[in-house]
Amino acid sequence: MASDNTMAQRVRVFNVPLGNDLCDVTAQWILQTSGQDPLTVSSTILLLPNNRAIKAMTEAFVRQAAPGLLLPRMVAVGDMQLDEALGPLLDPIASEDVIWPVIGSFDRLMLLARLAQEHRPQGTFLSSAEALRLARKLAELIDELEVDLVDFDALSDIAIEADLAGHWQRAYGQLLTILPAYRAELAARELMGPAERRNKLLAGLERRLAESGLDMPIIAVGITTSAKAVAKLLRRVALIPNGQVILPGVDLELAKDRWDSLSAAAEPDNVPTRRRNFEVHPQFHLKHLLDLMGIDRSEIDTLPTARVERVADTISEIFCLPEHSVGWQELAPARKALSHTQWFEADDSALEAKAIAVRIRGELEQAEKRIALITPDRELAVRVAAQLRRWDIYVDDSAGIPLLQTANGSLALALVDAISGRFSGTSALAIAKHPLVFAGPDRLDWLDKVRLLDLELRGTANGVGLGAITRRLENARKVKPELVEWWQGFVQILAPLENVDGQPFSFIIDALRDVATNLTDGAVWRGASGRELGRMWEEVSGGDLSTLGRIDATGLAATFDEIFSSAVVRPPYGGHPRVAIYGLLEARLQQADLIICSGLNEGTWPQIAQPDPWLAPAIRRHLKLPTLDRNIGLSAHDLATALGGREVLLTRARRDRGGPTVASRFLLRIKALTADVLQQDQQSLALAAQLDEPADKVPFESRPLPRPSAPQRLVSLSVTDFDQLKSDPYSFYAKRILGLRVLEKVDAEPSFAWRGSLVHDLLEQWFKQDNCAVDKLVQRVDDLLAQEATDPLLRALWQPRIAAGLRWVAEETKKQMHDHGRVVAVAEQPGKVDIMGITVNGRVDRIDRLADGSLVIVDYKTGMPPSTKQVNAGFALQLGLIGYMAEQMAIKGVAGHATKFEYWSLAKRSKDKGFGYVTVPTSTRPSDKKPASTDFVAFAVAQAEEAIAQWILGDAPFTAKLHPEFAHYGDYDQLMRLQEWNGRQSISEEQP
């Protein structure tokens, strides 16, 4: 401290060591120094970092004071989000400069987006979404420059290095033209940027304190920002007689050489050359603030109401600079122990969340114990809160939930996605199923119709748009008039959004508002998230949207996300009184009896700041702006503050939904220093693993071997069923005996079956209507895929392949007619035959008649034909059985002896050859080991009889995956619980 004879300049700066709740000890200090007069407390002014700190300080006074106490006046002035409203203390301050109102955050974003568009490099295109992203980053940069009081004119005096990358030079040139235009635009509107206005207000307050002081106590608490205007104000508060500054977690015991090493060195040309690791130290930003305030660390006292924990020495060692960690070996064992800290490492983030919830639930058994979960991973926070609800413990995440992740925001996003996706079936269902849509008394009836719609939209879509869905419902095999009528009413509500492509964004935003209101009867604007959505919508609607111009539908989702992604819904009061979930910012001023620090993975804690797209790192260093390492240092200080708690649990997961994770550098340092001393919380993991396990151990399911009764087995067969019956009898059982139909995905990608059906339909029309003319078949393909309603992806990917394959079919057909006298006898003709008393149905792709009257059985394939191994094993019986039907005159319009069997594949045989080739499943030479063509029908019938005798007329079990090498489809794998028994079955089960 300064000596008493310089009392006029004596600073009053206090430190709250690690392990103390800053708000609690500050409230205790104020109540203690205020004496018995409650008016003294109410006349005290507290300068706090942000509005969240005001909430935390209010709660601390409620805990510490008797009922009826008047609270101090609290003002947010420090390291705040710059778009938050300034406190009432600052607005009336008289200033020598004109202080205009602050520009609205959205208006500022639009202004900067317009300037980014106008000053983009010549010949480049900038989408609306990209312009908004660059504008947001530009706003952050402007705030940084104004916070550090960097003169914008100084930017033009920087000598650009010749070896600076071209994109950095272009970005720097843009910035030099955008900044003057931005300042001129603000001046013309008589508005100010938020950081500039705050600087002037704080400067005015500092002058007032210097000239006349205040008659009431003024205390700055927890402000650690390095903003120069704030630092100057804090120094003035520390100097006035009734002012105090309370800082969190200054390491007063850190060795002087280590403390001094946190300062930036300067070369003779006065260019700062901070070593790269300076800013990662948790004390760097505090040292920097004290330097800006002109206060030495020796002038700081510990707040009398705070306690000093010796564990701070160990925490200091954990976060020391790398060059100082060489001294760890000489440390006493007590300096390398965190006896109050435990940790665990879960296999995945789901188990991590469950284990945390189990630990919290157990700790609540202790009366009055407070637990705080601190994590920058919002997804993990949501998971923990969900797990706690199983015990009716409701916890609010004070960091808030992104607006677009709430039910209200997700509905708006679903409508936007529907526009971008041209109202695909998936997007229409996403809207119809949304919990806010028609959530009134008729909700169950509504969902019944939605389920019917879901079933009708399964499979590959035939066109896009609401009209395509309408046609699909009207042309369904079993038309449901009530579903069509319901859908048409739904379409009337959605119709204003269908043709907005190319419309101004203002028009789209109004249409979205009206549709969302009609779908929910106004419920989308209710509740905390609804009010925040309404606030943002009103702000956007009232802004100048001309910058965005006319929006292309495909880019609408990205533009909408850029505008609304920054909005956060903060929970109201009403959560559990002894459990809290904090983000890093919320946790800086608060403590608890148990602190759980979770998500300790690289990229999460610490979060790596995204590079500035406007200023190269070298230019930022020249301007003395914070580097990306500053964020790491702040994260380190947050963890160091948490480690000072009475009881601490550290957690991480080896995997999250993105894949394997890497442990946080902070956790690795803690484990390196504490070695094997750090305790593991294995109990929470073990209990979490058992939480959802049944009381009795459930054994793995054995290989399914269903044996239906004889009457149940008597089903008709298709010629294509035999492959499934012989290779995977269980799948045949599920499909034909149980009647379980496979549901395709909604808007499924074109499958081989779908492409096969498309090809067969075209070939049937070509045969029946075009008399097999070559040019007619190709024209049919072009006409089909060129329709406006056809999916563009389908046109782009499959039109060339299908057209090339079908052109080959037409040319090969013409060649066979000319060279061998073959004629197409029938195509796409059904037939059926009796085998052992069982009806076998089939549909022939094509049968040609040779000049001698014999028949050629042809099967079209859009993919690869069956292999020789598959045919020899008694599979791929379709061609042989169709030949048997023809010989039995079971196919209308054709009779004769089948002598040839061919697969016509429309695919490529190899990269060097074009589309289309013919293969035969019968023997062409003695060495190929295939059945002879003269025996092929008999071979197929014998194989079919054997299968019928075994499974249809016999009592053989329908074994799952009997021949997995030939079971190519997995539609029923989940039903047969394949993952449970596969590889565990006994050898005796291999054959029935």
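All residue numbers refer to position in the chain's written sequence, counted from 1. Given that the model is predicted, a residue must reach a pLDDT of at least 70 before its local features are reported, and side-chain atom pairs must reach 80 or more before they are shown or counted; all residues, however, enter totals for whole chains, interfaces and linings. Only hydrogens and water are removed before side-chain values are computed, so all heavy atoms of the structure are retained for them.

## Quick notes on the overall build of the chain
Step number 1: By the criteria applied, helices consist of DSSP H or I runs no shorter than four residues and strands consist of E runs no shorter than two, each listed in order from the N terminus. Across its full length, the chain holds 36 helices and 22 strands.
Step number 2: For the chain, the spread of C-alpha atoms along the three principal axes comes to 125 × 65 × 65 Å.
Step number 3: For every residue, the accessible area (1.4 Å probe, protein chains only) is compared with the maximum for its type, and the residue is labelled buried under 20%, exposed over 50%, or partly exposed between those bounds. When each of the 992 residues of the chain is scored for burial, the buried share is 50%.
Step number 4: Only heavy atoms matter for contacts: two residues are in contact if any of them lie within 4.5 Å across the pair. Across the chain, every contact between residues at least 6 apart in sequence was considered, and the portion connecting residues at least 24 apart equals 77%.

## Some details on the state of the cysteines
Step number 1: Only a pair of cysteine sulfur atoms within 2.5 Å qualifies as a disulfide here. Taken as a whole and assessed by the stated rule, the structure comprises 0 disulfides.
Step number 2: Between cysteine 597, a free cysteine, and cysteine 23, which holds the nearest cysteine sulfur, the sulfur-to-sulfur gap is 17 Å.
Step number 3: Overall, the relative accessible area of 0% leaves cysteine 597 in the buried class.

## Overview of the pairing of strand β22 (residues 915–919)
Step number 1: Note on pairing: DSSP must find at least two bridges between two strands before they are called paired. Both strand β21 (residues 898–908) and β22 contribute to a ladder of 4 bridges, which runs antiparallel. Of the residues in β22, the one forming a bridge with serine 905 is tyrosine 917.
Step number 2: Between the antiparallel neighbours β21 and β22 lie 6 residues.

## Quick notes on the packing of helix α5 (residues 128–147) against helix α6 (residues 166–189)
Step number 1: Each axis is a line fitted through C-alpha atoms, and for a helix only the stretch in contact is used; angles between axes span 0 to 180 degrees, taken between their N-to-C directions. Close contact between α5 and α6 brings their axes to 12 Å; oriented N to C, the two are set at 75°. It follows that α5 is roughly perpendicular to α6 by the angle criterion. Across the interface between the two elements, Leu138, Leu141, Ile142 and Leu145 of α5 pack against Leu175, Ile178, Leu179 and Tyr182 of α6. Oblique is the label for every angle not falling under 35 degrees (roughly parallel), over 145 degrees (roughly antiparallel), or within 65 to 115 degrees (roughly perpendicular).

## Side note on the sheet that holds strand β5 (residues 243–248)
Step number 1: Spatially, the 6 strands line up as an open sheet ordered β3-β2-β4-β5-β1-β6, and their pairing is parallel. With partners counted over all chains shown, the strands left at the sheet margins are β3 (73–76) and β6 (300–302), one partner each. Shown here is a sheet whose adjacent strand axes are inclined to one another by a mean of 25°, direction ignored.
Step number 2: Here strand β2 (residues 45–48) runs beside β3; their pairing, made up of 4 bridges, is parallel. If you follow leucine 46 over to β3, its bridge partner there is methionine 74.
Step number 3: In the packing of helix α1 (residues 22–34) onto the sheet, contacts are made with β1 (13–16), β2, β4 (218–221) and β5, and the angle to β5 comes to roughly 155°.

## Here we look at the pairing of β1
Step number 1: A two-sided burial pattern is seen for β1, the buried positions comprising Val13 and Asn15 on one face and Phe14 and Val16 on the other.
Step number 2: One ladder, built from 3 bridges, connects β1 with β6; its direction is parallel. Looking across to β6, one finds that phenylalanine 14 is bridged to aspartate 301.
Step number 3: Pairing between β1 and β5: 4 bridges, direction parallel. By the bridge assignment, phenylalanine 14 is partnered in β5 with isoleucine 246.

## Comments concerning the side chain of arginine 822
Step number 1: Mapped onto the elements of the fold, arginine 822 is located in the loop between α32 (792–820) and β18 (823–835).
Step number 2: Of note is the side chain of arginine 822, whose polar atom sits 3.2 Å from the side chain of glutamate 902.
Step number 3: Excluding residues within four positions of it along the chain, arginine 822 makes contact with Gln816, Met817, Asp848, Arg849, Leu850, Val856, Val858, Glu902 and Trp904. Within 3.5 Å is the distance limit for a polar contact, defined as a pair of N or O atoms, with the added protein rule that one can donate a hydrogen and the other accept it, and that residues adjacent in sequence qualify only through two side-chain atoms.

## Structural notes on α5
Step number 1: Relative to the 28 Å expected for 20 residues at 1.5 Å per residue, α5 spans 28 Å between its end C-alpha atoms, a close match to the ideal helical length.
Step number 2: Of all 20 residues in α5, 14 are buried, a share of seventy percent or more. A helix is expected to span 1.5 Å multiplied by its residue count minus one.

## Brief notes about the packing of helix α12 (residues 349–363) against helix α13 (residues 378–388)
Step number 1: Between α12 and α13, whose axes approach to 8 Å, the crossing angle comes to 50°. Overall, the two elements α12 and α13 adopt an arrangement that is oblique. The way α12 lies across α13 gives a crossing that is right-handed. Across from Ser349, Ala350, Glu352, Ala353, Lys354, Ile356, Ala357 and Ile360 in α12, the residues of α13 making contact are Leu380, Arg383, Val384, Gln387 and Leu388. Throughout, a crossing is termed right-handed when the near helix is turned clockwise from the far one, and left-handed when it is turned anticlockwise from it by less than a right angle.

## A closer look at the confidence of the model for the chain
Step number 1: Looking at any residue, its pLDDT shows the predictor's confidence there, from 0 to 100. Of the residues in the chain, 92% have a pLDDT of 70 or more, and the chain-wide mean is 85.
Step number 2: Ranking the elements of the chain by mean pLDDT puts helix α31 (residues 774–785) last, at 70, and strand β12 (residues 594–597) first, at 96.
Step number 3: Of the regions scoring below 50 in pLDDT, residues 79–88 engages in 27 contacts with residues more than four places distant in sequence or in other chains.

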